[in-house]
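Remarks on the overall topology
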Amino acid sequence: MTALIQLRGINKYFGDYHALRDIDLEIKQGEFFSLLGPSGCGKTTLLRTIAGFEDPSAGTLSIDGRPMAGVPANKRPTNMVFQSYAIFPHLTVAENVGFGLRRDPRSKAEKAGAVKDALEMVGLGGYGARSAHALSGGQRQRVALARALILKPKVLLLDEPLSALDRKMRELMQVELMKLQRQVGITFILVTHDQEEALVMSDRVAVMFDGQIRQMDDPEAIYTRPRSREVAAFIGKMNFLPGTLHSSGEGVEADVAGLGRAMIPPDRVTPGLGSGPAVIGLRPESLAVLFEGETTTRRTVEGTVDEVVYYGDMTYYDVRIAGVDEPLNIAMKNLVGRDVLEVGTATRVAWDERSLVPLAP
Amino acid sequence: MSGGRILGIYAVLYLIFLYAPIVLLPIFAFNDATIIAFPLSGFSTRWFEALWGNAALGDAVGNSLFIAAMTAILSTLLGICAARAGAMADFPGKSGILGFVMLPLVLPEIIIAVSLLIVLRQVLDMQLSNWTVIAAHTLLCTPFSIAILNGAFQNLDPSIEEGAMDLGESRWGAFCSVVLPLVMPGIVSSLLIAFTISLDEFIIAFFLTGSNPTMPVYIWGLLRFPQQLPVVMALGTILVALSIVLLAIAEFYRRRGLARAGLKDSGGFL
Ligand SMILES: Nc1ncnc2c1ncn2[C@@H]1O[C@H](COP(=O)(O)OP(=O)(O)O)[C@@H](O)[C@H]1O
Ligand SMILES: [Mg+2]
């Protein structure tokens with residue numbers, strides 16, 4: 001099956017500023033795809049290029065097999081939920097949602113029915129007659145969604161749709177958006193700077209820095225097998241230890257400062273990374289501190305607790321080990337009946353070769 | 001004495017200084033005497049009746065209304081174009097051009113009047129008419145229109161227009177269906193203010209009217225006849241009342257525009 005959306009060698013310049021660099025991207029029908037990256041990396045620009053609000057300086061874009069060069073935004077099979085939601089404040093909720101149907105040849109009654117259905121779909125049944133400028137942030141967002149989805153686009157583009165909402169509302173809307181996407185079967189492209197949001201919601205994530213896509217993978221691969229230090233640092237927490245890689249017939253062996261030698265499991269070997277100096281990444285939850293009397297079959301290293309941060313469900317320990325400047329950050333679940341270690345306690349840190357993520361230095 | 005009291009007294013004195021002469025207008029307009037002096041001699045509406053019967057004045061008022069209406073429309077149209085260009089993305093020389101467009105706001109009117117007269121008569125060899133006044137008044141009023149409309153356009157979320165385009169409208173369709181309704185309060189306010197400025201503008205009109213004077217020019221002519229002074233007072237009273245009403249409507253629309261866009265009042269133009 002060919003991709004619904006194809007981007008080939010897309011570049012975008014704003015004057016001298018190179019905002020998008022050689023973007024190659026294929027997105028399948030029905031996929032929930034996220035563009036994740038820090039503010040200013042070009043996510044919105046890429047989304048606007050797909051929507052037809054920016055013309056690429058170079059490269060081609062096609063949607064559903066149709067080249068989009070010269071096709072204006074109003075003729076593309078895409079709809080957008082803007083970061084500011086772009087609700088029309090002089091219209092009612094129903095008029096906002098029905099805005100895109102104005103050229104629709106269906107009868108007035110049919111269109112009113114479609115508006116009603118769309119409002120119910122986003123949980124705003126009965127809000128139709130309200131004035132749009134009096135809505136709350138969450139309600140505006142739902143109106144923006146209904147307004148776009150009522151047109152049954154091939155692709156729905158969402159520019160940081162949840163960033164203006166408070167935490168509770170955001171988590172609620174994440175789940176609702178995922179449900180909605182499954183229900184309507186429309187391809188979603190979500191722009192976000194929130195890595196958790198991208199990991200939770202997406203089938204695939206593209207991580208962007210400086211106008212480039214650095215890695216494109218499913219959330220699990222992005223999290224457990226980041227390809228570069230930048231991606232690893234941006235997605236969640238990661239400890240970095242200096243090390244050396246030795247590539248041989250048996251596989252790749254890492255010599256990690258403070259931990260010693262270990263074989264990297266074949267599925268963890270970062271493609272394109274050969275012998276030589278490297279940085280070894282370790283996720284906090286792939287390590288463990290050992291409590292008094294606890295034993296393990298994993299490898300261990302002596303350390304001292306340097307800092308304790310208690311989160312309720314989790315405790316984050318900074319543990320100093322010999323031969324490394326920075327303490328290791330370790331995440332531990334707070335199990336019932338287990339004490340929190342105090343600062344200064346001597347402990348052991350458990351790890352194994354599956355904790356190691358070899359990265360270019 | 002506290003600083004607040006001093007400020008209060010200052011404000012009261014300032015307002016008296018500002019408005020006392022205007023308050024004199026209706027007092028003498030309704031006074032039953034030819035001489036403008038206290039004590040008042042009784043209530044009369046005969047100066048207003050004298051206004052009514054004056055055909056030359058009628059013509060002057062007609063000229064002025066026509067000129068003011070055309071000026072309001074032209075300067076508002078130009079203002080919409082300029083404000084929209086200003087609200088859109090940067091283009092080369094944007095700030096320089098916008099600065100130049102706003103220049104007539106601070107140029108002395110007498111200089112505009114003299115230079116326009118020279119250009120129209122000596123260079124272009126045109127006959128002076130209502131249209132020469134309209135052209136000059138448009139020049140004068142456009143910066144005010146731009147200032148008002150700039151506020152209206154800049155308060156507008158740029159993604160609103162793109163939102164309409166995203167939902168199937170052409171650029172023009174999006175402008176008409178969402179941008180125009182949202183800046184309409186600014187447009188009404190610009191029309192009214194340009195109308196008011198043009199209606200009572202004297203210097204430029206004095207230089208550029210042909211054989212048919214505008215109302216302020218006609219009033220100036222009346223001043224040579226002392227017995228006509230109360231008539232001028234009556235006319236002035238009507239003008240003040242009209243100006244206040246127009247400016248109040250303009251301000252009402254400007255505020256409504258802000259409220260619609262969900263914004264706080266940030267001083268504004270008036
Ligand atoms: N119309 C524009 N003109 C000039 N520079 C722009 C324009 N739009 C975006 N940029 C620049 O391009 C970069 C990427 O912007 P954007 O795509 O909005 O980033 P993101 O959405 O990832 O935060 C930013 O540095 C921004 O300043
Ligand atoms: Mg953005």
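Predicted model only: the values in this text are computed from it and were never measured.

**Some remarks on the overall build of chain A**
Helix and strand counts for chain A come out as eight helices and 20 strands. Overall size of chain A, expressed as C-alpha extent along the three principal axes, is 75 × 50 × 40 Å. The burial tally for chain A puts 50% of its 361 residues in the buried class. Summarising the internal contacts of chain A: among those between residues at least 6 apart in sequence, 66% fall at separations of at least 24. Taken as a whole, chain A presents about 16800 Å² of accessible surface, with 50% of it coming from carbon and sulfur.

**Remarks on the site of ligand 1**
Residues and elements named next belong to chain A. Every residue lining ligand 1 is accounted for by Phe 14, Tyr 17, Pro 38, Ser 39, Gly 40, Cys 41, Gly 42, Lys 43, Thr 44 and Thr 45. Within the backbone of Gly 40, one N or O atom sits 2.6 Å away from an oxygen atom of ligand 1. One of the side-chain nitrogen or oxygen atoms of Thr 44 is found 2.6 Å away from an oxygen atom of ligand 1. For ligand 1, the protein covers 60% of the area, taking 560 Å² as the surface of the free molecule. Of the residues belonging to the shell around ligand 1, the class tally is four nonpolar, five polar and one charged.

**Here we look at the side chain of Gln 139 of chain A**
Position of Gln 139 of chain A relative to the elements: it lies in helix H4 (residues 137–149). Contacts of Gln 139 of chain A, omitting those with residues within four sequence positions, involve Leu 124 and Tyr 127 of chain A.

**Describing the layout of surface pockets**
Approximately 670 Å³ is the volume found for the largest pocket. Taken together, 26 residues make up the lining of the largest pocket; nearest its centre are Arg 48 of chain A together with Met 88, Glu 161, Glu 162 and Arg 171 of chain B. Elements supplying a minimum of two residues to the lining of the largest pocket: helix H3 (55–87), helix H6 (130–154), helix H7 (158–166) and helix H8 (171–199) of chain B. A per-class count over the lining of the largest pocket returns 12 nonpolar, five polar and nine charged.

**Comments concerning H8 of chain B**
Across its 29 residues, H8 of chain B extends only 36 Å between first and last C-alpha, which sits more than 12% below the 42 Å expected from 1.5 Å per residue. A bend of about 50° at Met 184 of chain B is the largest found in H8 of chain B, and the proline Pro 185 of chain B appears one to four places after it.

**As for the state of the cysteines**
Residues and elements named next belong to chain B. This structure, assessed with the given rule, holds zero disulfides over all chains. Between Cys 176, a cysteine without a disulfide, and Cys 81, which holds the nearest cysteine sulfur, the sulfur-to-sulfur distance is 13 Å. Residue classification places Cys 176 among the partly exposed residues on the basis of a relative accessible area of 33%.

**What about the UniProt feature "transmembrane region" (unreviewed entry) in chain B?**
Residues and elements named next belong to chain B. Listed under "transmembrane region" (unreviewed entry) in the UniProt record, and renumbered for this structure, are residues 7–29, 35–53, 65–85, 97–119, 131–152, 172–195, 202–223 and 229–250. Annotated as 70% helix and 0% strand, the span residues 97–119 places its first and last C-alpha atoms 23 Å apart. Note that residues 229–250 is 100% helix and 0% strand, and that its end C-alpha atoms are spaced 31 Å apart.

**As for the packing of H3 of chain B against H8 of chain B**
All names here are of chain B. Close contact between H3 and H8 brings their axes to 8 Å; oriented N to C, the two are set at 140°. If you check the angle between H3 and H8, you find them oblique. Crossing geometry of H3 relative to H8 is assigned as right-handed. Across the interface between the two elements, Ser 64, Leu 65, Ile 67, Ala 68, Ala 69, Thr 71, Ala 72, Ile 73, Ser 75, Thr 76, Ile 80 and Arg 84 of H3 pack against Arg 171, Phe 175, Ile 187, Ser 190, Leu 191, Ala 194, Phe 195, Ser 198 and Leu 199 of H8. Class assignment for the residues of the contact of H3 with H8 results in 13 nonpolar, six polar and two charged.

**Quick look at the pattern of salt bridges**
Residue and element names in this part refer to chain A. This structure, assessed with the given rule, holds 22 salt bridges over all chains. Linking Asp 267 and Arg 354 is a salt bridge whose minimum nitrogen-to-oxygen distance equals 3.1 Å. Residue Asp 267 is found in the loop between strand S13 (260–264) and strand S14 (276–282), and its partner Arg 354 is found in the loop between strand S19 (346–351) and strand S20 (357–359); the two are separated by 87 residues along the sequence. For Asp 267, a relative accessible area of 43% corresponds to the partly exposed category. When the shortest N-O distance is used, the salt bridge between Arg 320 and Asp 306 registers 3.5 Å. Separated by 14 residues along the polypeptide, Arg 320 in strand S17 (residues 314–321) and Asp 306 in strand S16 (residues 299–310) bring together distant segments of the chain.

**Considering the sheet that holds strand S8 (residues 187–192) of chain A**
Residue and element names in this part refer to chain A. Pairing within the open sheet is mixed, and its six strands lie in the order S6-S7-S8-S3-S9-S10. Strands with a single pairing partner mark the edges of an open sheet, and in this sheet they are strand S6 (78–81) and strand S10 (212–217). Each adjacent strand pair in this sheet contributes to an overall mean axis angle of 20°, direction not counted. Note: strand S3 (residues 32–36) against strand S9 (residues 204–209), four bridges, orientation parallel. Each bridged residue has a counterpart across the sheet, and for Leu 35 the counterpart in S9 is Ala 206. On top of the sheet, H4 reaches S6, strand S7 (155–159) and S8; it is set at about 175° to S6, its chief contact. The sheet contacts of helix H5 (residues 167–184) involve S3, S7 and S8, and relative to S8 the element is tilted by about 155°.

What counts, and where the lines are drawn
All residue numbers here refer to positions counted from 1 along the written sequence of the relevant chain. Chain letters and ligand numbers both follow the written order, the letters beginning at A and the numbers at 1. With pLDDT at 70 or above as the cut-off, local features in this predicted model cover only qualifying residues; side-chain atom pairs require 80 or more to be listed or tallied, and sums for whole chains, interfaces and linings still use all residues. Side-chain descriptors were evaluated using all non-hydrogen atoms of the structure, hydrogens and water having been removed beforehand. Secondary structure follows DSSP: runs of H or I at least 4 residues long count as helices, runs of E at least 2 residues long count as strands, and numbering of each begins at the N terminus. The buried label goes to any residue with under 20% of its type's maximum accessible area, the exposed label to any with over 50%, and the partly exposed label to all in between, with areas taken from a 1.4 Å probe on protein chains only. The contact definition used throughout considers only heavy atoms, calling two residues in contact when any of these lie within 4.5 Å. Exposure was quantified through the Shrake-Rupley algorithm and a 1.4 Å probe, taking into account, for residues, occlusion by the shown protein chains and nothing else. If a single non-hydrogen atom of a residue is within 4 Å of a molecule or strand, that residue counts as near it. Here a polar contact is taken to be a pair of N or O atoms separated by no more than 3.5 Å, where protein atoms must pair a possible hydrogen donor with a possible acceptor and residues adjacent in sequence count only if both atoms sit in side chains. When residues are grouped by polarity, Ala, Val, Leu, Ile, Met, Phe, Trp, Tyr, Cys and Pro land in nonpolar, Asp, Glu, Lys and Arg in charged, and all others, Gly among them, in polar. Both cavities and pockets are sets of points on a 1 Å grid over the protein atoms alone; in a cavity a 1.4 Å probe fits but cannot get out, in a pocket the set is open with protein on both sides within 12 Å along at least five of seven lines, and lining residues sit with an atom within 4 Å of a point. Grid points are joined across faces, edges and corners, and a volume is the space filled by probe spheres set on the points. The span you would expect from a helix comes to 1.5 Å times its residue count less one. Here the bend at each residue means the angle between axes fitted to two seven-residue stretches, the one ending at that residue and the one beginning there. Here, two cysteine sulfur atoms that lie within 2.5 Å of each other are counted as a disulfide. UniProt positions are given in the numbering used here, feature names are shortened, and annotations may be inferred rather than shown by experiment. Interaxial angle, 0 to 180 degrees, is taken between N-to-C directions of lines fitted to C-alpha atoms, where a helix line uses only the stretch in contact. Note that the term roughly parallel is reserved for angles under 35 degrees, roughly antiparallel for angles over 145, roughly perpendicular for angles of 65 to 115, and oblique for everything else. Crossing chirality is assigned from the near helix's rotation relative to the far helix, an anticlockwise turn below a right angle marking it left-handed and a clockwise turn marking it right-handed. Any Lys or Arg side-chain nitrogen found within 4 Å of a carboxyl oxygen on Asp or Glu counts as a salt bridge. Note on pairing: two strands pair once DSSP finds at least 2 bridges between them.

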